[in-house]
Amino acid sequence: MSSSSAPFARPFLKWAGGKSQLLAQIDQYLPEAIKDGSIQRYVEPFIGSGALFFHVVKSYPVQELYIADFNRELVDAYWTIQQCVEDLIAVLGDMQARYTPLSEIERKAFFYEKREQFNANRTEPPAGALQRADVERTAQLIFLNRTCYNGLYRVNAKGQFNVPFGRYKRPTICDAANLRAVAAVLQRTEIHFGHYTECEEFVDTDTMVYFDPPYRPISATARFTAYSQYSFDDKEQSELAEFYRKLNAKGATLLLSNSDPKNVNPGDDFFEDTYAGFHIERVQARRRINSRAERRGPIYELLIFNY
């Protein structure tokens, strides 16, 4: 646990579907066993920005931590912070010092130069390959995330980052205190790149698993899966539900988040059917990432759990 004098770690990236604004509501549904220390291991195989992960570490006495994702850039960033946080802070500090005094036209050129470099240097390792720390690339990712439009991570079908420039007056590109706090948490965390099913070997009766997969779109134009070039359609959602049932049979404590299709179609029982036999609760959220402000209103999301 973090000491009282040190800052608590919080997400170092903005992420579509991030749970920061829902933490108070989700906390009400966390199992008592994680709050009283009965659960020793916390597993999150779709880590994203890690809002709930950092909340659990801050709030409860979990001893063993496992995070993973199939987004290579994201996993590399966690790995880099774990291994090379001071080097990363130095590079980000230099970027911030160079970017802040620029005019808007100069900032825009700087942004697109970094975006081009980020996309040009992209490589695709074999699935499951151990990721090495890459300070420059992680710095570019954080810079783009902090200075792009709406502060989101989105890629096209080729896996290229394609979010345009954002007009923020004083974006925080280098948050050294938080990066050090994140690094401290990651010193006792296993970080993996790969498919969510690979977490099974770490799961037993003393484990809580939190699934926060790419959300099922609630409309024809919604794009909850754009953080990766890989699709996550109803077939993948159903396969995830089968894996959820497999871990349930092992005695693990399970919680899953997803969109609520009943926001637009009250007759859509996809999740009620797919997760029949488990508890489903609805919590109110807000669309925070939408090109039209009037569409950032309240909606409901689902929490599905087996306790």
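Use the structure listed above.
Residues numbered from 1 in each chain as written. Predicted model: local features only at pLDDT ≥ 70, side-chain atom pairs only at ≥ 80, totals over all residues. Heavy atoms only, no water.

A. View of unusual backbone geometry. Here N150, not a glycine, exhibits a phi torsion of approximately 65 degrees, which is positive. Structurally, N150 can be placed in the loop between α6 (135–147) and α7 (176–186). (Helix = DSSP H or I, 4+ residues; strand = E, 2+ residues; numbered from the N terminus.)

B. A look at the packing of aromatic side chains. Overall, the coordinates contain 25 aromatic pairs when judged by the stated rule. Taken together, a centroid distance of 6.4 Å and an interplanar angle of 25 degrees make the contact between F271 and Y275 stacked. Owing to a relative accessible area of 1%, F271 belongs among the buried residues under this scheme. Using a relative accessible area of 1% as the deciding quantity, one classes Y275 as buried. Taken together through their ring pairs, the aromatic side chains of F46, Y196, F211, F232, F243, Y244, F270, F271, Y275 and F278 make up a single cluster. (Phe/Tyr/Trp six-rings, centres within 6.5 Å; stacked < 30°, edge-to-face > 60°. Buried < 20%, exposed > 50% of the residue type's maximum accessible area, 1.4 Å probe, protein only.)

C. Spotlight on the pattern of salt bridges. Taken as a whole and judged by the stated rule, the model has 17 salt bridges. Across the pair E86 and R180 runs a salt bridge, and its minimum N-O distance is 2.7 Å. In this pair, E86 is assigned in helix α4 (residues 72–99) and R180 in helix α7, connecting sequence segments 94 residues apart. Judged by relative accessible area, E86 falls into the partly exposed class, the value being 42%. On the basis of relative accessibility, which here comes to 41%, the residue R180 falls in the partly exposed class. Between D269 and K262 there is a salt bridge; the shortest N-O distance is 2.6 Å. Look at D269 and you get partly exposed, because its relative accessible area is 34%. Here K262 falls in the partly exposed class, since its relative accessible area comes to 23%. Each of R41, E64 and D204 takes part in salt bridges that share partners, so that together they form one network. (Salt bridge = Lys/Arg side-chain N within 4 Å of Asp/Glu carboxyl O.)

D. Helix α8 (residues 234–249), seen in detail. Between its first and last C-alpha, α8 extends 23 Å over 16 residues, near the 22 Å set by a 1.5 Å rise per residue. Listing the buried residues of α8 in full gives E236, Q237, L240, A241, F243, Y244 and L247. The buried residues of α8 all sit within an arc of 165 degrees when viewed along its axis, so they share a single face. In α8, the exposed residues that point more than 90 degrees away from the buried face are K235, E242 and A249. Packed against the buried residues of α8 are β4 (207–211), β5 (253–259), α9 (270–274) and β7 (298–305). Capping of α8 at its N-terminal end is provided by D233; its side-chain oxygen lies 3.1 Å from the backbone amide nitrogen of K235. Two residues or fewer after α8 comes G251, characterised by a positive phi angle close to 90 degrees. (Expected span 1.5 Å × (residues − 1). Arc of directions from axis to C-beta. Contact = heavy atoms within 4.5 Å. Polar contact = N/O pair within 3.5 Å; in protein donor to acceptor, adjacent residues only side chain to side chain.)

E. The arrangement of the pairing of β5 in detail. Of all the seven residues making up β5, seven are buried; the element is thus mostly covered by neighbouring parts of the structure. Two strands pair when backbone bridges link them, and β4 and β5 are joined in this way by four bridges, in the parallel orientation. By the bridge assignment, F211 is partnered in β5 with L256. In the sheet, β5 pairs with β7 via five bridges, with the strands oriented antiparallel. Counted as the bridge partner of N258 is L302 from β7. (Pairing = 2+ DSSP bridges.)

F. Examining the nonpolar core more closely. Counting 67 residues, the largest nonpolar core has Y42 and F53 as the members making the most contacts within it. Residue contributions to this core peak at twelve residues, all from α4. Sequence-distant contacts of Y42, that is, excluding residues within four places in its chain, are made with I34, L52, F53, V56, V62, E64, L65, Y66, M208 and Y210. Within the second largest apolar cluster, 25 residues are counted, among which are Y196, F232, A241 and F270. (Core = buried A, V, L, I, M, F, W, Y, C linked by side-chain atoms within 4.5 Å.)

G. Region of interest: the environment of N178. Of note, N178 is situated in helix α7. According to the relative accessible area criterion, N178 is buried, its value standing at 3%.

H. Molecular detail of helix α3 (residues 51–59). With respect to burial, α3 is a largely interior element, seven of its nine residues being buried. Looking only at α3, the buried set comprises A51, L52, F53, F54, H55, V56 and V57.

I. Inspection of the packing of α4 against α6 at higher detail. Two elements in contact, α4 and α6, have axes separated by 6 Å at closest approach and are oriented at 65 degrees. Put simply, α4 runs roughly perpendicular to α6. In this structure, the crossing between α4 and α6 has a hand that is right-handed. Two secondary-structure elements touch here, α4 through E73, D76, A77, T80, C84, D87, L88, V91, L92, M95 and Y99 and α6 through V135, E136, R137, T138, A139, Q140, L141, I142, F143 and T147. Along the lines of polarity and charge, the residues of the contact of α4 with α6 split into twelve nonpolar, four polar and five charged. (Axes fitted to C-alpha atoms, helices over the stretch in contact; angles between N-to-C directions. Parallel < 35°, antiparallel > 145°, perpendicular 65-115°, else oblique. Left-handed = near helix turned anticlockwise from the far one by under 90°. Nonpolar A, V, L, I, M, F, W, Y, C, P; charged D, E, K, R; others polar.)

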